[in-house]
Amino acid sequence: MASFKVPYVPTNPSSWGPPKSTSPDISAATSSPDAPPNRFAHLPYAPFGRSDRIGRCADFTTSSFARTGDASSAFHTRRDARRSDANKNLEFQYKVDSEEAREFQLVDTSKGYGSGIAAGSSAGAGGGAGGAANVKRFLAPRKRQNAQRLRQINARRSGPEAPSVGRYQQAQRTRAGGRGGPGGRGGRGGRGPWRDRIDRQASVSVRPDWRRVEEVDLGKLSKGTSPLSNLVDNSPPKSVEDLLWCGFLDQYNDQYDKVSARTPAPLKRVETKEFYPVTTTDDPVIEKLAIEGRGTVFATDAILAHLMTCPRSVYPWDIVVQKLPTGALFFDKRDSSQFDYLTVHETSNTPPAPLSEREAANEENADALMNTPERLSLEATMINQNFTQQILRSAKYRTNFDLPNPFWDEEDNDGMEPASVAYRYRKFSLGDGIELVARTELHGLAKTKGGAGSTKQVGKLVTTMGGKKKKKNQPEDNPLEVPDGDQYMTAYALNEYDPSYAFNAPPARPGTSINWRDKIDNQAGAVLASELKNNSFKLAKWTAQSLLAGASQMKIGFVSRVSPKNAYDHTILATQTYRPMDFATQITLNQGTMWGIMRLFIKLLEKEPEGKYVIMRDPNRAIVRVYGVPPGTFEEEDENDEEEDEDDDGEEEKE
């Protein structure tokens, strides 16, 4: 029977590899009868292959294994490591003669054109001179193409220290704006330097005592591949009923339909109007309706529209939900949140980037502070409020409703008056015992088709689908359809923002930035298409609010800065009128998907016990998570804010 003899392996207890000749164990290693001749003791290990870059065996201390959080820095680290490894063990690497390398050069091996062309050309009218000229004109483009091709090949051969070539003579993978690169198809941003990714922070910190209830992937939910898709019901509400009307409405001024870039209207500051962005639980009318048992779910139109269109959102947000022992759900917003502020270029490829503390402290960057996300949000909110009141006529054409504004206190007005807003409390029957009561807002009253303004008191309007018989080919009725004659309107304002004025902004590609003053009169569709790309979530949210309020018109104003570096003075360039139903179709806002998403959140919380919950969007991914939180969460922040307000009021009284 054949036997296998284990070869001799010298042991090295102090380091890696075989023992060195100076090791105390070398005498024992060489004294063994099975030890091989010690002829390779001083021969260093080195790769003999030209493409190998192995310098050590099992060395975990080299810089190529350094862990970094930035992908670009990791790439440069690996590249530097490869360059450093290439210079090791040079005595064992193949060396090319410098004279031979200097003389080597690629040459053009394409077939030349024989003298037949010249002979044929010279044989014609005009003689030899004309033939030679024709040959030069024919061969010149080919020579330029061959020279360009050789420059590209030699540039790639010569490495990074070779002289640079033209932009369009570089390899495809190094060109700015190539496919998949910045500005290319499927890439990010425009042709220019790569912009660092913005890692946003969550709108509220998740605490250890929070319990995760559910996680909703918005991308899969939109495609219907989410595990929660069986809870989504995209059918419209069964019926819509008006419960109460509060406040008043002023009539729209038709003169603002004639505003253009040639004859703009300055935007005025409305300093005598009060706006009330009151949350659900602070609304006394909703509290009264909840006590009467008029609904099972209560919210405002802003919160409902935010949830219904949340797949288009990019910035992080959060909404607080309180579930009572009776099973009623109240959707609220935090008092210290930025929920009521409008965003600018949220869905753009080049959103406004925040400044670091060092950049913000630099006095030279004072002009750049006005283009930060926070300042732009404050500017857009101010523009929207002023625009909604400026486009209305005086109180002479005012329409009062059943109840006054529930948030205005006549005794503590200080010369102020409430803004022209009508609060329309509506009940939506969603089926399965879900009765959704929402406070919606209307901003104005437009003229009817006959030309006279509507001054009648609005009574109770009930729209139901149950008792109507439909014909075979008749489309399904939508209870959100507004009948002719009720010309209630909502008003919103878009403000122009040029990303090229932002701090450290890359140069914009030609054609990506649209100047409103040049396009708004003749190409209003191009301006709107650009805004649909850059502010998709904001426009979808406005459309959803108009649909919930039952508005027959939606006025959108286009407001621009007087100067790009002046964030305080603005002009109205145009005012466009849209029908909310048609505009929702134009921006691909599916109403069935809106109600399906709202039903999903309601059904997820119906299964949970009584308590407080938070719905929040992940800051960097299209994921919405639902957390169960302790009952006292966020109340400490509200108490601190109230104490600060009281301290400020006390200081003002002392002064």
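Check the entry above for the structure.
Residues numbered from 1 in each chain as written. Predicted model: local features only at pLDDT ≥ 70, side-chain atom pairs only at ≥ 80, totals over all residues. Heavy atoms only, no water.

Draft legend 1. Just the packing of helix H8 (residues 301–308) against helix H13 (residues 536–549), in detail. Running from N to C, H8 and H13 cross one another at 130 degrees; their axes reach a closest spacing of 8 Å. What the angle tells us is that H8 and H13 run oblique. Helix-helix and strand crossings are classified by hand; for H8 and H13 the assignment is right-handed. Facing H8, whose interface residues are Asp-301, Ala-302, Leu-304, Ala-305, His-306 and Met-308, H13 presents Phe-537, Lys-541, Ala-544, Gln-545 and Leu-548. (Axes fitted to C-alpha atoms, helices over the stretch in contact; angles between N-to-C directions. Helix = DSSP H or I, 4+ residues; strand = E, 2+ residues; numbered from the N terminus. Parallel < 35°, antiparallel > 145°, perpendicular 65-115°, else oblique. Left-handed = near helix turned anticlockwise from the far one by under 90°. Contact = heavy atoms within 4.5 Å.)

Draft legend 2. Examining the sheet that holds strand E12 (residues 444–445) more closely. Taking strand neighbours across the sheet as the criterion, the 5 strands line up as E3-E16-E15-E14-E12 in an open arrangement whose pairing is mixed. Of all the strands in the sheet, the pair left with one neighbour each is strand E3 (265–266) and E12. In terms of strand pairing, E3 meets strand E16 (residues 570–578) through 2 bridges, oriented antiparallel. In the strand pairing of E16, Pro-266 is matched with Thr-571. Relative to strand E14 (residues 488–495), helix H10 (residues 373–390) is tilted by about 145 degrees, and along the sheet it contacts E3, E14, strand E15 (553–561) and E16. (Pairing = 2+ DSSP bridges.)

Draft legend 3. Spatial organisation of the environment of Pro-311. Note that Pro-311 resides in the loop between H8 and strand E6 (318–323). Exposure remark for Pro-311: the relative accessible area of 28% places this residue in the partly exposed category. With 286 residues separating them in the primary sequence, Pro-311 and Ile-597 have C-alpha atoms 9.4 Å apart. Residues within four places of Pro-311 in sequence aside, it is in contact with Leu-218, Ser-222 and Ile-597. (Buried < 20%, exposed > 50% of the residue type's maximum accessible area, 1.4 Å probe, protein only.)

Draft legend 4. Just unusual backbone geometry, in detail. Phi at His-345 takes a positive value of approximately 55 degrees, unusual for a residue other than glycine. For His-345, the location among the structural elements is in the loop between strand E7 (329–332) and helix H9 (357–361). You can call His-345 buried: its relative accessible area is 4%. You will see that Asp-432, though not glycine, has its phi angle at about 60 degrees, which is positive. Within the secondary structure, Asp-432 sits in the loop between strand E10 (422–431) and strand E11 (434–442).

Draft legend 5. Here's a closer look at helix H15 (residues 591–606). Between the first and last C-alpha of H15 there are 23 Å, a value that for 16 residues agrees with the 22 Å anticipated at 1.5 Å per step. The N-capping residue of H15, defined by a side-chain oxygen 2.9 Å from the backbone nitrogen of Gly-592, is Asn-590. (Expected span 1.5 Å × (residues − 1). Polar contact = N/O pair within 3.5 Å; in protein donor to acceptor, adjacent residues only side chain to side chain.)

Draft legend 6. Here's a closer look at the pattern of salt bridges. For the structure on display, the rule yields 19 salt bridges. In this structure, Arg-625 engages Glu-215 in a salt bridge whose closest nitrogen and oxygen atoms are separated by 2.9 Å. Placement of Arg-625 in strand E18 (residues 623–629) and of Glu-215 in strand E1 (residues 211–217) is noted, with a sequence separation of 410 residues between them. The buried category is assigned to Arg-625, whose relative accessible area is 12%. A salt bridge links Glu-379 to Arg-561; the shortest N-O distance between them is 2.8 Å. A residue pair is termed long-range when its members are at least 10 positions apart, and Glu-379 in helix H10 and Arg-561 in strand E15 qualify at 182 residues. Residue classification places Glu-379 among the buried residues on the basis of a relative accessible area of 6%. By sharing partners, the salt bridges in this structure join Arg-212, Glu-215, Asp-618 and Arg-625 into a single network. (Salt bridge = Lys/Arg side-chain N within 4 Å of Asp/Glu carboxyl O.)

Draft legend 7. Summary view of the pairing of E15. Counting buried residues in E15 gives 9 out of 9 residues, a clear majority hidden from the surface. Side chains Gln-553, Lys-555, Gly-557, Val-559 and Arg-561 project from E15 onto one buried face, and the interleaved Met-554, Ile-556, Phe-558 and Ser-560 project onto a second face that is buried too. Pairing of E14 with E15 involves 7 bridges; the strand directions are parallel. When the bridges of E15 are listed, Met-489 appears paired with Gln-553.

Draft legend 8. Structural context of the side chain of Arg-561. The exposure class of Arg-561 is buried, given its relative accessible area of 8%. Polar side-chain contacts of Arg-561 include one of 2.8 Å to the side chain of Glu-379. Ignoring sequence-local partners within four residues, the contact set of Arg-561 consists of Met-370, Asn-371, Leu-376, Glu-379, Arg-517, Asn-566, Ala-567, Asp-569 and His-570.

Draft legend 9. Focus on the packing of aromatic side chains. For the coordinates displayed, the defined rule picks out 11 aromatic pairs. Joined through ring pairs, the aromatic side chains of Trp-210, Tyr-627 and Phe-634 make up one cluster. One residue, Arg-334, lies across the ring of Phe-634, its end atom 5.5 Å from the ring centre. The ring of Tyr-397 is capped by Arg-393, whose NZ or CZ atom sits 3.7 Å from the centre of that ring. (Phe/Tyr/Trp six-rings, centres within 6.5 Å; stacked < 30°, edge-to-face > 60°. Lys NZ or Arg CZ within 6 Å of the ring centre and 35° of its normal.)

Draft legend 10. Inspection of a negative patch on the surface at higher detail. A cluster of acidic side chains, namely Glu-274, Asp-409, Glu-410, Glu-411, Asp-412 and Asp-414, defines a negative patch on the protein surface. Relative to the helices and strands, Glu-411 is located in the loop between strand E8 (399–400) and strand E9 (417–418). (Patch = residues over 30% accessible without salt bridge, like charges linked within 9 Å, V, L, I, M, F, W, Y side chains within 5 Å. Areas by Shrake-Rupley, 256 points an atom, 1.4 Å probe, with all protein chains shown as cover. Lys, Arg positive; Asp, Glu negative; His and termini not counted. Charge placed at Lys NZ, Arg CZ, Asp CG, Glu CD.)

Draft legend 11. Focus on the pairing of E7. Judged by which residues are buried, E7 turns out to be covered on both faces: Leu-329 and Phe-331 on one side and Phe-330 and Asp-332 on the other are all buried. Where strand E5 (residues 297–300) lies against E7, 2 bridges are found, and the strand directions are parallel. Following the sheet pairing, Val-297 is matched in E7 by Leu-329. Where E6 and E7 come together, 4 bridges link them in antiparallel fashion. Across the sheet, the residue bridging to Gln-322 is Phe-330, located in E7.

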